[in-house]
2 protein chains.
Amino acid sequence: MKTMHKEHTLTKNQQIIFDLIDKSPEPMKAYSILFNVQKKGIKAPLQVYRALDKLVEIGKIHKIESRNAFIACHNSSCQVANATAFSICEVCEKVTEISSVGLSKYLANFKDKDGMKYSKYNLEFFGLCKKCR
Amino acid sequence: MKTMHKEHTLTKNQQIIFDLIDKSPEPMKAYSILFNVQKKGIKAPLQVYRALDKLVEIGKIHKIESRNAFIACHNSSCQVANATAFSICEVCEKVTEISSVGLSKYLANFKDKDGMKYSKYNLEFFGLCKKCR
DNA sequence: TACATGGTGTTATATTATAACAATTTAAAT
DNA sequence: ATTTAAATTGTTATAATATAACACCATGTA
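Bear in mind the structure is a predicted one, so any value in this text is a computation, not a measurement.

Topic: the protein's contact with DNA strand D
Inspection of the region around DNA strand D gives 16 residues, with A:Gln47, A:Arg50, B:Lys29, B:Leu46 and B:Lys63 positioned closest. Sugar and phosphate atoms represent 43% of those atoms of DNA strand D found within 4 Å of the protein. Contact distances for DNA strand D include 2.4 Å between a phosphate oxygen and a side-chain N or O atom of B:Lys29. Contacts to DNA strand D include B:Tyr49, whose side-chain N or O atom sits 3.1 Å from a phosphate oxygen. Mapped onto the surface near DNA strand D, the elements with two or more residues apiece are helix H1 (12-23) and helix H3 (45-57) of chain A together with helix H3 (45-57) of chain B. The greatest single-element share of the surface near DNA strand D, amounting to four residues, is contributed by H3(A). Taken together, the residues that form the surface near DNA strand D break down as five nonpolar, five polar and six charged.

Given below as structure tokens:
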């Protein structure tokens, strides 16, 4: 896990899309993003997906794989872009990024049967949030 | 009353599709499955997706969320249908189900900041497999 | 019998994502 | 400052993934 943190200056499209996701209280889907930024001149899916790809790559956002949705990173300035953990409420779909030093250490150090270590992982927990219980 | 440990007798379509996935050395995608079972009379995507949904539900297969692909469960007769962990080689795309008592215990007992426990999770590790290193 | 449940077959459509190509902007290296 | 490579953009078209809706059928059971 790289800890150096290069400052990426976002391009116009990237900034527009990041701002939207960052403001959103819940993960956003690509076509919902598209709909929301059309008034700003972003008209095609590819423009959205390209910005999303880049934002994921530099760790500003994460993809919630099981939901095909994107959420802004709120985890220590995105230092763990490739080692993510989320909790997902199966009723209200609330998604929260988990920042647990213990968990990330455990997973970063996990070795499989072949002694293989993995620096990248994505973990999604499912359950009921406080409200929905 | 709920029958405990019901032995799920697979229906014809479910069996056909499970057999195909089970024989496959790699995760299979839905439309690849469809292509492969058309000669057996399964002609429409929905027939595939319905079988897949059921097979996932009863733990015979798992979905690799980051790849939109399905793999047969080889983990203690599917007792951990909802608590899955995989390693994925980013070069050759080989996917292996991880069965580590330590890992599953750690995750099953993991509590987030609110003390929330999760019985279901999906974890995907990314890296390079032995061959690809 | 009737009824509930779950599976099937089918057509159509929704949703998610990428290919291909030309033009433009940006950063940096002469 | 000018050149140049890399990244980004805009655009049209299309590929890949997944579900809606509806009619019908099989099976278990009240």
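Here's the deal with the interface of chain A and chain B
With 29 residues of chain A at the interface, the matching set in chain B holds 29 residues. Note on chain A versus chain B: buried area summed over both sides is about 2,500 Å², and carbon and sulfur give 64% of it. For the interface between chain A and chain B, the tally reads two salt bridges. With a shortest N-O distance of 2.8 Å, B:Lys120 and A:Glu90 are connected by a salt bridge. Taken together, the links from chain A to chain B amount to 14 residue pairs in polar contact (both at pLDDT 80 or more). Mapped onto the side of chain A that touches chain B, the elements with two or more residues apiece are helix H4 (101-109) and strand E5 (120-127) of chain A. Among the elements that line the side of chain A that touches chain B, the one with the most residues is E5(A), at eight residues.

Some points on the environment of A:Arg133
Topologically, A:Arg133 is positioned in the segment after E5. Looking at A:Arg133, the relative accessible area reads 62%, which means it is exposed. With 42 residues separating them in the primary sequence, A:Arg133 and A:Val91 have C-alpha atoms 9.2 Å apart. Here A:Arg133 is in contact with A:Leu128 and B:Met116, once residues within four sequence places are set aside.

Examining the nonpolar core
Among the nonpolar cores identified, the biggest contains 22 residues, and A:Leu103, A:Leu123, A:Phe125, B:Leu103, B:Leu123 and B:Phe125 are the most heavily contacted of them. Those elements that place two or more of their residues in this core are strand E3 (83-89), H4 and E5 of chain A together with strand E3 (83-89), helix H4 (101-109) and strand E5 (120-127) of chain B. Ignoring any residue separated from it by four or fewer positions in sequence, one finds B:Phe125 in contact with A:Leu107, A:Phe110, A:Tyr118, A:Lys120, A:Tyr121, B:Phe86, B:Ser87, B:Ile88, B:Ile98 and B:Leu103.

Quick word on the protein's contact with DNA strand C
Taken together, 15 residues sit near DNA strand C, with A:Lys29, A:Leu46, A:Lys63, B:Gln47 and B:Arg50 positioned nearest. Among atoms of DNA strand C positioned within 4 Å of the protein, sugar and phosphate together represent 42%. Contact between DNA strand C and A:Asn68: a phosphate oxygen at 3.5 Å from a side-chain N or O atom of the residue. Contact between DNA strand C and B:Arg50: a base nitrogen at 2.4 Å from a side-chain N or O atom of the residue. For the surface near DNA strand C, the secondary structure elements donating two or more residues are H3 of chain A together with helix H1 (12-23) and H3 of chain B. Residue classes in the surface near DNA strand C are distributed as five nonpolar, five polar and five charged.

Basis of the calculations
Residues numbered from 1 in each chain as written. Chains lettered and ligands numbered in written order. Predicted model: local features only at pLDDT ≥ 70, side-chain atom pairs only at ≥ 80, totals over all residues. Heavy atoms only, no water. Near = heavy atom within 4 Å. Polar contact = N/O pair within 3.5 Å; in protein donor to acceptor, adjacent residues only side chain to side chain. Helix = DSSP H or I, 4+ residues; strand = E, 2+ residues; numbered from the N terminus. Nonpolar A, V, L, I, M, F, W, Y, C, P; charged D, E, K, R; others polar. Contact = heavy atoms within 4.5 Å. Buried area = accessible area lost by both parts, 1.4 Å probe. Salt bridge = Lys/Arg side-chain N within 4 Å of Asp/Glu carboxyl O. Buried < 20%, exposed > 50% of the residue type's maximum accessible area, 1.4 Å probe, protein only. Core = buried A, V, L, I, M, F, W, Y, C linked by side-chain atoms within 4.5 Å.

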